[in-house]
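Report on the structure
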Amino acid sequence: PSSSSSPASSFVTKECFKLRTSQELSLDLVKQKCGPSYHIGHVPQYHNPTICGDENTKNWESDHLAESLANGGFTSCQHWCVYSIKTPKQIAWIWNQQQKCWNFAPACLSRVQEMQYVVDLVENQFCEAPCKIPKQPQELSVLTIKEICPTYTASQHPQYHNGNVCVGSSLSKEDQELKFSLVNHGFASCNAWCVYSIIEPHKTAWKWNPQQKCWEKSDPCLKINSDLTIVNQLRFSICIGPESRPERFDLKFIQRLSQKEEEFQQSEQSIKTEQQQQFEQSKQSETEEEQKKGNEQQ
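Residues numbered from 1 in each chain as written. Predicted model: local features only at pLDDT ≥ 70, side-chain atom pairs only at ≥ 80, totals over all residues. Heavy atoms only, no water.

Next up on the list: the environment of Ser26. In this fold, Ser26 is placed in the loop between β2 (14-16) and α1 (27-34). Relative accessible area serves as the criterion here: at 30%, Ser26 is assigned to the partly exposed category. Between the C-alpha atoms of Ser26 and Ala66, which are 40 residues apart in sequence, the distance is 9.4 Å. For Ser26, the side chain forms a polar contact with the main-chain nitrogen of Leu29, separated by 3.1 Å. (Helix = DSSP H or I, 4+ residues; strand = E, 2+ residues; numbered from the N terminus. Buried < 20%, exposed > 50% of the residue type's maximum accessible area, 1.4 Å probe, protein only. Polar contact = N/O pair within 3.5 Å; in protein donor to acceptor, adjacent residues only side chain to side chain.)

As structure tokens, then:
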């Protein structure tokens, strides 16, 4: 651990920890958290960052998982859910004992106490936050915009709390991307009429339409280099995109959050079955050990 202090509280030091890289994950490292009894056959295998299934995402998702495991993204050494050390409120995995790998698991996010443990770890125990956890589209409101622009009011223009696209439904991919960009500061200043995609600012932008009170796609906004530069700098502090972090929080994950729900439900059921089997196996092993000791004594 190392110490750091803020200028506002120079007499108070805070113990904090440096983030470990994915390459540092090892059996010995996990033993530091779980104790010397942790072994290569432990369930779950926190030293094993293997991702189940999709070959197209295995490499970079495995690296993301490895870093989360290396930095203790799990509540205890018996819990089957591991949370992203970058975006614990959005991304989690669950151990698949049958395949000896980790499944992407949105339903782990409903385990609020477990998830909050990792959120607190990220926000309070690392010397430097890995990156700012992005807000979700549904969090867009006057209050969340006021966190960015303190003097903001609902009646001013542009209306940053209004995430309506001029063309398309409120549940469309574009609508969700716009809301996601607004709530995560995808604009250069608090009176800017252009908003940029916080995912791909150089490709997508919208301009406020005061007559219709909605946002419409705008190629001219993409030519305002000064605004585009500011938004690009802002997004580097948020856990988004391969350019800002190798670990991604982008539309692929947003899509997977809905697509993989059924997969998790199956994993959730298998957990109960596997845990029961493990309990029975452990009891059998204890019984056999006791019998063995009894025979030796005889």
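If you look at the biggest cluster of nonpolar residues, it comprises 34 residues, and the most contacted ones within it are Tyr46, Leu69, Val82, Tyr83, Trp93 and Trp102. Taken together, the elements giving at least two residues each to this core come down to α1, α2 (55-70), β3 (81-83), β4 (92-96), β5 (101-104) and α3 (112-124). It is α3 that contributes the most residues to this core, five residues altogether. Sequence-distant contacts of Tyr83, defined by excluding residues within four places in its chain, comprise Ser68, Gly73, Pro88, Ile91, Ala92, Trp93, Cys108, Leu109, Arg111, Glu114, Met115 and Val118. By size, the runner-up hydrophobic cluster in this structure holds 15 residues, among which are Leu140, Cys149, Ala192 and Trp215. (Core = buried A, V, L, I, M, F, W, Y, C linked by side-chain atoms within 4.5 Å. Contact = heavy atoms within 4.5 Å.)

This part covers the side chain of Glu114. Structurally, the position occupied by Glu114 is in helix α3. Within the buried set, Glu114 has no salt-bridge partner at all; the shortest N-O distance to an opposite charge, 4.1 Å, is to Arg111. If we skip the residues at most four places from it in the chain, Glu114 touches Thr75, His79, Cys81 and Tyr83. (Lys, Arg positive; Asp, Glu negative; His and termini not counted. Salt bridge = Lys/Arg side-chain N within 4 Å of Asp/Glu carboxyl O.)

What follows is about the pattern of salt bridges. What the rule picks out here adds up to four salt bridges. A salt bridge links Arg20 to Glu24, with the nearest nitrogen and oxygen atoms 3.5 Å apart. You can call Arg20 partly exposed: its relative accessible area is 31%. Taking the shortest distance from any N to any O, the salt bridge between Asp175 and Lys179 comes out at 2.7 Å. With Asp175 and Lys179 both in helix α5 (residues 173-183) and four residues apart, this pair spans about one turn of that helix. We note that Asp175, like Lys179, is buried.

Here the focus is unusual backbone geometry. The residue after Val43, namely Pro44, is reached through a cis peptide bond having omega -5 degrees. Structurally, Pro44 is set in the loop between α1 and α2. The step from His157 to Pro158 runs through a cis peptide bond, and the omega angle for that step is -5 degrees. One non-glycine residue with positive phi stands out, namely Lys100, at about 55 degrees. Within the element layout of this structure, Lys100 appears in the loop between β4 and β5. Of note, His185 is a non-glycine position whose phi angle comes to about 65 degrees, a positive value. Position of His185 relative to the elements: it lies in the loop between α5 and β6 (194-196).

Let us look at the pairing of strand β8 (residues 214-217). Where strand β7 (residues 205-209) lies against β8, four bridges are found, and the strand directions are antiparallel. Looking at β8, one finds that Lys207 is bridged to Glu216. (Pairing = 2+ DSSP bridges.)

What follows is about the sheet that holds β3. The antiparallel open sheet is built from three strands, whose spatial order is β3-β4-β5. The open sheet has two free edges, formed respectively by β3 and β5, since each of these has just one partner strand. Sheet twist, expressed as the mean angle between neighbouring strand axes with direction ignored, is 35 degrees. As defined by bridge partners, β3 adjoins β4 across three bridges and the pair is classed as antiparallel. The residue of β4 that forms the bridge with Tyr83 is Ala92. (Axes fitted to C-alpha atoms, helices over the stretch in contact; angles between N-to-C directions.)

Within helix α6 (residues 225-235), burial applies to Asp227, Leu228, Val231 and Arg235. Along α6, the residues classed as buried sweep out an arc of 95 degrees about the axis, all on the same side. Turned more than 90 degrees away from the buried face of α6, the exposed residues are Asn225 and Gln233. (Arc of directions from axis to C-beta.)

Let us now look at the confidence of the model for the chain. A residue-level look at the chain finds 70% of positions with pLDDT of 70 or above and a mean pLDDT of 77. A low-confidence stretch, residues 1-14 (pLDDT under 50), is modelled with 16 contacts involving residues beyond four sequence positions or located in other chains. (pLDDT = per-residue confidence, 0-100.)

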